[in-house]
Amino acid sequence: MVDTCDTVVHRLVRQQTSGGGRHARQIPRIRFGGLVKIVDVRCHVLLDPDYDIGATSSAQDDIVVEIITDDGITGIGESDVNPWIARAFIEAPATHTMGRGCKEILIGRDPLDVEGLWESLYVGTAMNGRRGAGIHAIGAIDMALHDLRGKALGRPCHELLGGAVRNRVTPYASLQPDQANFESYKQSMVEWALMAQQLGFVAAKLEITLAGAYAHLGMNSKVERMAEVIAAVRDAVGPAMTLMIDAQYSFTDSASCLAAIREWQEYDVYFLETPLPSDDVAGYARLVAEQPIPIAQGEWLATRFEFDDILRRRAVDLIQPDIGRVGGLTEARRVVQLAATYGAPVVPHVWKTGISIAAAVHLAATTNSIPFVEFLPGDLSSSNLRRSLLTADLTMKDGQLVVPNTPGLGVELDRDAMERFEAAALKVG
């Protein structure tokens, strides 16, 4: 019998309060009868001082949430959302029962009841939340609660998510060169892919954003030229490296996308991510039905309900929940379970700091249905936030990330760096 999250937590609590069991001396004591309570929720709005508003990269800002108990235990989480909006959603006072602020819902509550708190947050903020930025903000909170619960029980998050089935997870390097000219962009992409290969990566995703609303640094080239970039990278790295392509919504419709990607088959593309606007579900279904390259999307979707819609309509081959945006580890785990019923692999989207990377690795450790996790390595990132927010990154060995076995998420904030990023954010607003 496989343990559910609740079963694992309750078993550890019983061992702890009874004073017996093999874990009794290895985990901190938790007061029951006077339960440990949440006493504060702190929101940190962070900004890279060198941010470029024209860059297609949300790794330049962040919302980090700390949840603190009366025993002094602190959990940390983050989400890929405008941090000022997220902070307002979390800290806003309530005026009625359907539009409460997240912080007031959490104060005084039991931090070990992570799944119960998720439901309270979802229902309590439903009028203003349910999807979008509201769920993304809840995702940062939920991530912090999982980290806190792991620290309180002296267990890594993956153990409290049902248990690890492996101790290493394969990352792919997510590559987005900072170039506004096509030829220099192509050359840089080749150089970055070779660097990723030298760092030990066995897979890489090429962020080829040449046109459309999200064109990187204002680049304006024909989408058909994506094939030139793919061909150059494939020629440089050879046939063994797995290559994914992120078009970042560059195609206006399914017909133009089909015309462009038919020639990509010779490059052995593992998946094509977000070629169309997210709302064009019919267009995605056509891409899935009419060509062989696996189609992936999901980075913008919130909750299992939106994933159920695209899976049910056969509008995706592979799903990409972002753990913060989807609603945190609690909801991401539900999405993984949902995807399994459709036979769809899951490759979590990660475009923030090592906090989200750690969350994705813990989730991936619990299932074999996650073949890769996205990893923006510090050596290949232009974001000071990505490089500096934590005291250390997860360890990569032989092309794989080692799953942490320390309590919680297993990562730690660099407080000095966080203060610098908060100061930069204060200058903006």
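In this report, we go over the structure that sits alongside the text. Since we're looking at a predicted model, the values are computed, not measured.

### A short note on the sheet that holds strand β7 (residues 242-246)
Logical step 1: A sheet is described by the order of its strands in space; here seven strands give the open sequence β10-β9-β8-β7-β6-β5-β11, paired in parallel fashion. This sheet does not close on itself; its edge strands, each paired only once, are β10 (318-319) and β11 (373-375).

### Some details on empty space enclosed by the protein
Logical step 1: All told, the structure shown has one cavity of 30 Å³ or more when counted by the stated rule.
Logical step 2: Computed from the structure, the largest cavity encloses a volume of approximately 40 Å³.
Logical step 3: Surrounding the largest cavity, Met143, Asp322, Ile323, Gly324, His349, Val350, Trp351, Ser356 and Ala360 form its lining.
Logical step 4: Sorting the residues of the lining of the largest cavity by element identifies α12 (323-326) and α14 (354-365) as the ones contributing at least two each.
Logical step 5: The class makeup of the residues in the lining of the largest cavity is five nonpolar, three polar and one charged.

### Overview of the layout of surface pockets
Logical step 1: For the largest pocket, the calculated volume is near 570 Å³.
Logical step 2: Around the largest pocket sit 26 residues that line it, and Ala55, Thr56, Ser57, Ser58 and Tyr214 are the ones nearest its centre.
Logical step 3: In the lining of the largest pocket, the residues fall into 11 nonpolar, six polar and nine charged.
Logical step 4: For the lining of the second largest pocket, the class distribution of residues is nine nonpolar, eight polar and four charged.

### Topic: the side chain of His158
Logical step 1: Within the secondary structure layout, His158 lies in helix α6 (residues 157-160).
Logical step 2: What makes His158 buried here is its relative accessible area of 5%.
Logical step 3: Not counting residues up to four positions away in its chain, the partners in contact with His158 are Gly163, Ala164, His362, Ala365, Thr366, Val403, Pro404 and Asn405.

### A word on unusual backbone geometry
Logical step 1: Look at Thr303: it is not a glycine, yet its phi comes out positive at around 75 degrees.
Logical step 2: Position of Thr303 relative to the elements: it lies in helix α11 (residues 303-312).
Logical step 3: The buried category is assigned to Thr303, whose relative accessible area is 0%.
Logical step 4: Phi angles above zero are rare outside glycine, and Arg314 is one such case at about 50 degrees.
Logical step 5: Relative to the helices and strands, Arg314 is located in the loop between α11 and β10.

### Quick word on the side chain of Thr353
Logical step 1: Relative to the assigned elements, Thr353 resides in the loop between α13 (329-342) and α14.
Logical step 2: Residue classification places Thr353 among the buried positions, given a relative accessible area of 2%.
Logical step 3: The residues touching Thr353, leaving out its near neighbours within four places in the chain, are Asp62, Glu78, Leu385, Arg386 and Leu389.

### Focus on the sheet that holds strand β4 (residues 168-169)
Logical step 1: With antiparallel pairing, the three strands of this open sheet are ordered in space as β4-β13-β12. Since the sheet does not close on itself, it has two edges, and those belong to β4 and β12 (396-397), each with one partner.
Logical step 2: Across two bridges, β4 lies against strand β13 (residues 400-402) in antiparallel orientation. Residue pairing in the sheet places Arg168 in a bridge with Val402 of β13.

Definitions and cut-offs
- Residues numbered from 1 in each chain as written.
- Predicted model: local features only at pLDDT ≥ 70, side-chain atom pairs only at ≥ 80, totals over all residues.
- Heavy atoms only, no water.
- Pairing = 2+ DSSP bridges.
- Helix = DSSP H or I, 4+ residues; strand = E, 2+ residues; numbered from the N terminus.
- 1 Å grid on protein atoms, 1.4 Å probe; cavity = no way out; pocket = protein on both sides within 12 Å on 5 of 7 lines; lining within 4 Å.
- Points joined across faces, edges and corners; volume = space filled by probe spheres on them.
- Nonpolar A, V, L, I, M, F, W, Y, C, P; charged D, E, K, R; others polar.
- Buried < 20%, exposed > 50% of the residue type's maximum accessible area, 1.4 Å probe, protein only.
- Contact = heavy atoms within 4.5 Å.

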